[in-house]
Amino acid sequence: MKKASDEIDKERYKKAFENLDEVEKIAEEVKDPEISYHLLFFKGFAKYKIDELEESLTLFEKALEISWEFFSKEPEKEDYQSFIGDTIGSIGDILSKFEDPEKAKEYIYPMKGIFEKAVQGFEKLLKSDPENPGYLEEFLRTLEHIGLCFEAGELIEDSVPLFDKRYDVIEKLLKSETEMSEHLSSLDDSLMNFGRICDEEGYLEEAKHVYDRAIEICGKVLDKDPENSETKVYLSYAYRYLAALYSDLENLEKAEECYKEALCLLESEIEEEPEIIEISENIPVSKNIPFSMALADMYKDTGLIFSDTEDATKARDYYTKARETFRGLMDKYPDLLGDDENLARALDELAELFSEIGDLENAETCYKDELQVYENLLQKEPENPEYSLKLSDVYRELGDIFAEDDEIEKARAYYEKEIEIYETLHPTDADKLMLEANKADTWNQIGNLYAEEEPEIAMHYHERALPVFEEAFESDPENEFFHEGLLETLTGLGLLFKNSREFGKAIREYERILEVQKQLLELMPPESCHMGHDMEHEHEHEHEHEHEHEHEHDLDMETTYFELGVLHSEIGDEEKASDYHRQALERFDQIIAEQFEDPELIILTSSKAFFLGMTLLEKLESENKDSSIARKYYELALRTIEKLYEAYPMNLKLQEMLASFSEQIGDIYRDADKLEETIPEYEYAYRSLKILSEKDPENPLHLHHMLGALNNIGIGYSVTDQQEKGKECFEKALALNESLAKSDPEDLEPLKRNIMLFSNYANLLEELGDSETAKEYRKKAEEIDAKMAEEDPEWVSPLEDI
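The rules behind each value
- Residues numbered from 1 in each chain as written.
- Predicted model: local features only at pLDDT ≥ 70, side-chain atom pairs only at ≥ 80, totals over all residues.
- Heavy atoms only, no water.
- Helix = DSSP H or I, 4+ residues; strand = E, 2+ residues; numbered from the N terminus.
- Contact = heavy atoms within 4.5 Å.
- Areas by Shrake-Rupley, 256 points an atom, 1.4 Å probe, with all protein chains shown as cover.
- Lys, Arg positive; Asp, Glu negative; His and termini not counted.
- Charge placed at Lys NZ, Arg CZ, Asp CG, Glu CD.
- Salt bridge = Lys/Arg side-chain N within 4 Å of Asp/Glu carboxyl O.
- Buried < 20%, exposed > 50% of the residue type's maximum accessible area, 1.4 Å probe, protein only.
- Core = buried A, V, L, I, M, F, W, Y, C linked by side-chain atoms within 4.5 Å.
- Polar contact = N/O pair within 3.5 Å; in protein donor to acceptor, adjacent residues only side chain to side chain.
- Expected span 1.5 Å × (residues − 1).
- Patch = residues over 30% accessible without salt bridge, like charges linked within 9 Å, V, L, I, M, F, W, Y side chains within 5 Å.
- Phe/Tyr/Trp six-rings, centres within 6.5 Å; stacked < 30°, edge-to-face > 60°.
- Axes fitted to C-alpha atoms, helices over the stretch in contact; angles between N-to-C directions.
- Parallel < 35°, antiparallel > 145°, perpendicular 65-115°, else oblique.
- Left-handed = near helix turned anticlockwise from the far one by under 90°.
- Nonpolar A, V, L, I, M, F, W, Y, C, P; charged D, E, K, R; others polar.

A. Quick peek at the overall build of the protein chain. Looking only at helices and strands, the protein chain features 33 helices and two strands. Principal axes of the C-alpha set define a box for the protein chain whose edges measure 110 × 70 × 60 Å. Counting contacts in the protein chain only where the partners sit at least 6 residues apart, residues at least 24 apart contribute 64% of the total. As displayed, the protein chain offers around 40000 Å² of accessible surface, 47% of which is attributable to carbon and sulfur atoms. Of the charged side chains in the protein chain, 87 are positive and 200 negative; the average position of the first set lies 3 Å away from that of the second.

Laid out in structure tokens, this is it:
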């Protein structure tokens, strides 16, 4: 048995099993249940180590039954307490490794009986000696291990009472001199996993109860030992979990209160003259370092709860405190933290958060600090390409944030720094093409910067990138980075030629795009041509960050057909244009038919078809051309969402899409002064909005859109000699607006809308010959307009436009 254990430690599993086979022969002769237990345990552990999880679990289940027999007969025996606790812990490890809650449940249910009996056995044992620290510790360990099993199966309702039992045992242990750090660490792990599951499954009250008790327990530990730094950390984490829960409940005030409690605990541990808590590579490590890192992380998390609010000031304030804390550590401990990769990653994350709230100055500062860390690492290991690539990634991020903010020259400077890094590398022959592709990708980013203002510069960079990606694609067409890069380059060139009205050249680029897409269609499994997938960067010199392209090109043949249809119309070849539009529509139909069981994909596909149809309709109507082909895209999108709504009638987002589609098409016809065509579109929108209002009466937005639709229908009827129908629409709109005004007397929007409604209604009444009433409504509109001008110096009167 000892030899088998040693062989498992040395990962020599074949020899381990040979020794265990010998044990098995002896066990058959001596019939000793303890030997049988150890044999099953070690065999199960060895199987676990070689990832034969189900075989391992079968062995541990048998070991559990034997360990229960021992424990049930002699519960006071320390070995038997360990047997049952260790076995349940091993089962928990295996179930966690499955990463499949449903599968874990199947295994847990037959064992739950023994779990419950083990708990009852310890409780009975403690009645005979309630203060026995040995019994309490083994009971707590067993509860922790059962909890691990329940977490793996996401058994929330079983987990909550188990947490309460753990807390009760910890409270009893506090009366002894037991060291609590290991148990608090285990509790923190459980809280983190439990909270995640509760958040996913909606058990927020259960999570709050468990967090509240954790805070209470940690507080009691601190009452006994007020200077216990480790407990302060665990207590700060418990407050953090509770804060996250309040944030999910949109109670930001309570969330901030919890974070402030956590921050106070960590801040209290930052000392003027900190003690040295460990030695790393013969360098003294100040206690302030880990606490300051944790503090900065907590500042960042506190800011996160405010990042999505309208006022991002609080988010910025907390992020700034995190940045200042990181910078302070770098200044105070340059030898220790100047080359710390964990710090670099933390700075990178903080930079992204600053960027998300539009604070590019602080984002740039964080990225520059991150650059400093990687430059220091590169100085220590100049031959290590990983640090050079990290530097290139940071320069790319800097380029991207300023590109998004249209700071072209600043973005270009950072992109060129990225290219300089690539040029310092000396890759192997196998890596050269990937390195060149990375440079080409950055040339494309520079090209994109100049696409609108200086297309000649953009053209230069895209043309420079093209041969690199052509060669890369030819060498490995299935490499996503290569084919995405090629398609982005071709699309960039195609758009530049299209915008400069060089339609023949644009057609050549899009035809090449279509060739590449067809080649990919042959290479890739059919489902991957419709569904997004994560990019797997296997190459040493490939960027790890994602680049946003205008389309996921390899999945977007329908858009390429559409573009070719539009371009052939521009050169007057309507026959070819019609053929390409037919292929685009067929491609949409194919995707919808094949993937209808994937609602998310169908919504995206329909939205794309609608967007293409809408942009083409707008173009053709503005040019006074036949727009029937554009309507086919719109009608396909509308038809598909209608069918999807039939399948998922509870999904109101689908009905909202139908209303939005028809409203937008109505607006295009209205702007083209084709008011008769607006009527069926706005009527469709009104019907959809009415359904939404009936199913979601608390949402005033639907009523506002209904009002707008009625106004537009009324105008349409007014100018098409259907004045009575128009009158009916305006009267419905006026009644609806009056209802909205009564529901919120402080809201001025209904009053402002009355200017438009009264004026349009007055125009209609004039046409019906009711000049007196028309005059009254026109006067009402003018009075409201005058009142608004008096109260708001910046008020712009809409009367002239109406």
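Let us keep going from here.
B. The arrangement of the pattern of salt bridges in detail. Scanning all chains against the criterion turns up 61 salt bridges. With its nearest N and O atoms 3.0 Å apart, the salt bridge here joins R141 to E138. Here R141 and its partner E138 are both found in helix α7 (residues 133–152), three residues apart, which amounts to about one turn of the helix. The burial state of R141 is the same as that of E138; both residues are buried. With a closest N to O distance of 2.7 Å, E269 and K232 form a salt bridge. Taken as a pair, E269 in the loop between α12 (252–267) and β1 (276–280) and K232 in helix α11 (residues 229–248) lie far apart in primary sequence, 37 residues in all.

C. Seen up close, the nonpolar core. Membership of the largest hydrophobic core comes to 204 residues, with the highest contact counts inside it found for I84, L95, F115, L191 and L398. In terms of residue count, the dominant contributor to this core is helix α6 (residues 101–128) (11 residues). With near-sequence residues (within four places) excluded, F115 lies in contact with L64, I88, I108, I146, C149 and F150. Ranked by size, the runner-up nonpolar core spans 32 residues in total, among them L692, M706, I713 and M788.

D. Structural detail: the environment of Y387. Topologically, Y387 is positioned in helix α18 (residues 385–404). Of note is the side chain of Y387, whose polar atom sits 3.4 Å from the side chain of E341.

E. Summary view of α7. For α7, built from 20 residues, the straight-helix expectation of 28 Å at 1.5 Å per residue is met to within 8% by its first-to-last C-alpha distance of 29 Å. In terms of residue burial, α7 counts as a mostly covered element, since 16 of its 20 residues are buried. The N-cap residue of α7 is N132: its side-chain oxygen and the backbone nitrogen of G134 are 2.9 Å apart. Once α7 finishes, E154 follows within two positions and takes phi at roughly 50°, a positive value.

F. View of a negative patch on the surface. Side chains of E404, D405, D406, E407, E409, E452, E453, E454 and E456 sit close together on the surface and give a patch of like negative charge. With respect to the helices and strands, E404 occurs in helix α18. Classification of E404 by relative accessible area gives exposed; the value is 71%.

G. Representation of the packing of aromatic side chains within the structure. Applying the stated rule across the entire model yields 31 aromatic pairs. Measuring from centroid to centroid gives 6.3 Å for F115 and F150, while their planes differ by 65°, and the two rings are edge-to-face. Here F115 is found in helix α6, whereas its partner F150 is found in helix α7, with 35 residues between them in sequence. We classify F115 as buried; its relative accessible area is 2%.

H. Molecular detail of helix α32 (residues 749–767). Between its first and last C-alpha atoms α32 spans 28 Å; for 19 residues at 1.5 Å apiece the expected length is 27 Å, and the two agree. Residues P750, R753, N754, I755, L757, F758, S759, N760, Y761, A762, L764 and L765 constitute the buried set of α32. Of the surrounding elements, those touching the buried residues of α32 are α30 (700–718), α31 (723–743) and α33 (771–791). G769, located one to two residues past α32, shows a positive phi value of around 85°.

I. A look at the environment of F354. Positionally, F354 belongs in helix α16 (residues 341–356). Sequence spacing of F354 and P798 is 444 residues, and the spatial spacing of their C-alpha atoms is 40 Å. Ignoring anything within four residues of it in the chain, the contact list for F354 reads R316, Y319, T320, R323, D359, N362, A363 and C366.

J. View of the side chain of S190. Relative to the helices and strands, S190 is located in helix α9 (residues 181–201). When neighbours within four sequence positions are excluded, S190 is seen to be in contact with E151, F163 and R166.

K. Examining the side chain of N737 more closely. Checked against the element boundaries, N737 lands in helix α31. A polar contact of 2.7 Å, which involves the side chain of N737, links it to the backbone oxygen of P750. A distance of 3.0 Å separates polar atoms of two side chains, one belonging to N737 and the other to R753. Non-local contacts of N737, meaning those with residues more than four positions away in its chain, are made with L707, P750, R753, N754 and L757.

L. Structural context of the packing of α32 against α33. Two elements in contact, α32 and α33, have axes whose closest approach is 8 Å; the angle formed by their N-to-C orientations is 155°. One way to sum up the angle between α32 and α33 is to call them roughly antiparallel. In this structure, α32 meets α33 at a crossing whose hand is left-handed. In this structure, α32 contributes L751, K752, N754, I755, F758, S759, Y761, A762, N763, L765 and E766 to the contact, and α33 contributes S771, T773, A774, Y777, R778, K780, A781, I784, D785, K787 and M788. For the contact of α32 with α33, a count of residues per class yields 11 nonpolar, five polar and six charged.

M. Quick look at the packing of helix α3 (residues 33–49) against helix α5 (residues 78–98). In contact at an axis separation of 11 Å, α3 and α5 are set at 20° when each is read in the N-to-C sense. Compared by their axis directions, α3 and α5 come out roughly parallel. α5 is crossed by α3, and the crossing has left-handed handedness. Here E34, Y37, H38, F41 and Y48 of α3 lie close against α5, whose contacting residues are Y80, F83, D86, T87, S90, D93, I94 and K97. Its residues placed into classes, the contact of α3 with α5 shows six nonpolar, three polar and four charged.

N. Quick look at unusual backbone geometry. Residue E99 is not a glycine yet carries a positive backbone phi of 55°. Notably, E250 is not glycine yet its phi reads approximately 60°, a positive angle. One can find E250 in the loop between α11 and α12.

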